[in-house]
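# Analysis of the macromolecular model
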Amino acid sequence: MKKYFKNIFLFVLSIIFLISCKKLDDNYRQFIDEGETIYIGKADSVIVRGGNHRVEISWLLLSDPKVNSYKLYWNNYRDSTSALVTKTSNIDTVRVLLENMTEGLHHFEIVLYDKMGNHSVPTQTSGRSYGEQYSSFLVNRTFNSAKLINDGDLLLDWVAAEEQLLYSELLYLDTDGNSVKHIVDREAQLDTLKKFPLDGIFKLISAYKPDSIALDTFYSKTEDIRPL
């Protein structure tokens, strides 16, 4: 009796094994019938540069000579742009400038294609565009003190510049009636305005960049300053 049940058990295991093998074989044949997925080289070393309602996305085309075109998506795939590219024997750079971008953070996806329609693995990146909201927070550089020296020159002791500030620009009429434009470097602390009138006023504006690779320079509002 035990031998009988043992044979039945082995028979059932054999049937299960054959069914499993059949399923694996069917899956394998389906994969072969559909064809192997071919991927091409993806966008490499992506850089996003923000500007005044615009964004530039650039990337490298490295070793894959099959790359023929790209498609760039943003705004949750509601917006896109595409173009052909030329791959040389060197490391090539693709640059895409998007204009009329709303101010704020944007997410992008880059897909490369060959002539047969095979595509790369998507490359995802993010970047910010700037505009009126960013500009509204920019303030002019301030100074700790101002005093006349050398019978008519004005010595200004500037507060340390903010990280994003590039320079400040002053405009005034000197004691000879000449219009003077004076640039204050971001590293300057003590600075002298030559022949500044005792009751004079200078116009002050400061230039900013959101980061070191930003496309555009932004400016604070112009202020009239009476330093004495």
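Heads up: these notes are all about the structure in this document. Note that the coordinates shown come from a computational prediction; the quantities given were computed from them, not determined experimentally.

### Let's talk about the overall build of the protein chain
Helices and strands together make up the secondary structure of the protein chain, namely 2 helices and 15 strands. A total of 228 residues make up the protein chain; the buried ones form 35% of that total. Considering only contacts in the protein chain between residues 6 or more positions apart, those separated by 24 or more positions represent 60%. As displayed, the protein chain has an accessible area near 15,000 Å², and 53% of this comes from carbon and sulfur atoms.

### Things to note about the sheet that holds strand S1 (residues 44-51)
Sheet strands associate in pairs through backbone hydrogen bonding, adopting either a parallel or an antiparallel arrangement. Ordered in space as S1-S2-S5, the 3 strands form an open sheet in which the pairing is antiparallel. At either margin of the open sheet sits one strand with a lone partner, and together these are S1 and strand S5 (92-98). Along the sheet, successive strands turn relative to each other by an average axial angle of 15°, direction set aside.

### Section: the pattern of salt bridges
Should their charged atoms come close, side chains of opposite charge can pair. What the rule picks out here adds up to 9 salt bridges. Between Lys87 and Asp92 there is a salt bridge whose closest N-O contact spans 3.3 Å. Ionic pairing is found between Glu187 and Arg186, a salt bridge with its closest N-O pair at 3.3 Å. For Glu187, a relative accessible area of 62% gives the class exposed. Judged by relative accessible area, Arg186 falls into the partly exposed class, the value being 26%. Each of Arg49, Glu56 and Arg95 takes part in salt bridges that share partners, so that together they form one network.

### Some points on the side chain of Glu56
Of note, Glu56 is situated in strand S2 (residues 54-61). When its relative accessible area of 11% is taken as the criterion, Glu56 is described as buried.

### Some remarks on a nonpolar patch on the surface
Together, Leu148, Leu198 and Leu228 make up an exposed nonpolar region whose accessible area comes to about 290 Å². Looking at where Leu198 falls in the secondary structure, it is placed in the loop between strand S12 (190-193) and strand S13 (202-208).

### Re the packing of aromatic side chains
Enumeration over the complete set of coordinates arrives at 9 aromatic pairs. Between Tyr130 and Phe218, the ring centres sit 6.1 Å apart and the planes meet at 65°, which makes this aromatic pair edge-to-face. Within this pair, whereas Tyr130 is found in the loop between strand S7 (123-129) and helix H2 (132-136), its partner Phe218 is found in strand S14 (residues 218-219), the two being separated by 88 residues in sequence. Residue classification places Phe218 among the buried residues on the basis of a relative accessible area of 4%. Relative to Phe202, the ring of Phe196 has its centre 6.1 Å away and its plane inclined at 70°; by these criteria the two rings are edge-to-face. Relative accessible area serves as the criterion here: at 2%, Phe196 is assigned to the buried category. An aromatic cluster of at least three residues, connected via ring pairs, comprises Phe143, Trp158, Tyr172, Phe196 and Phe202.

### A look at the nonpolar core
Counting 19 residues, the largest nonpolar core has Ile57, Trp59, Tyr70, Leu72, Leu98, Phe108 and Leu112 as the members making the most contacts within it. Elements with a minimum of two residues in this core: S2, strand S3 (69-74), S5 and strand S6 (104-113). A per-element tally of this core places S2 first, with 4 residues. In this view, Leu98 contacts His53, Arg54, Val55, Ile57, Leu72, Trp74, Thr81 and Phe108; residues no more than four positions away in its chain are not counted. Listed in part, the 12 residues of the second largest apolar core include Leu156, Trp158, Leu170 and Phe202.

What counts and what doesn't
- Residues numbered from 1 in each chain as written.
- Predicted model: local features only at pLDDT ≥ 70, side-chain atom pairs only at ≥ 80, totals over all residues.
- Heavy atoms only, no water.
- Helix = DSSP H or I, 4+ residues; strand = E, 2+ residues; numbered from the N terminus.
- Buried < 20%, exposed > 50% of the residue type's maximum accessible area, 1.4 Å probe, protein only.
- Contact = heavy atoms within 4.5 Å.
- Areas by Shrake-Rupley, 256 points an atom, 1.4 Å probe, with all protein chains shown as cover.
- Pairing = 2+ DSSP bridges.
- Axes fitted to C-alpha atoms, helices over the stretch in contact; angles between N-to-C directions.
- Salt bridge = Lys/Arg side-chain N within 4 Å of Asp/Glu carboxyl O.
- Patch = residues over 30% accessible without salt bridge, like charges linked within 9 Å, V, L, I, M, F, W, Y side chains within 5 Å.
- Phe/Tyr/Trp six-rings, centres within 6.5 Å; stacked < 30°, edge-to-face > 60°.
- Core = buried A, V, L, I, M, F, W, Y, C linked by side-chain atoms within 4.5 Å.

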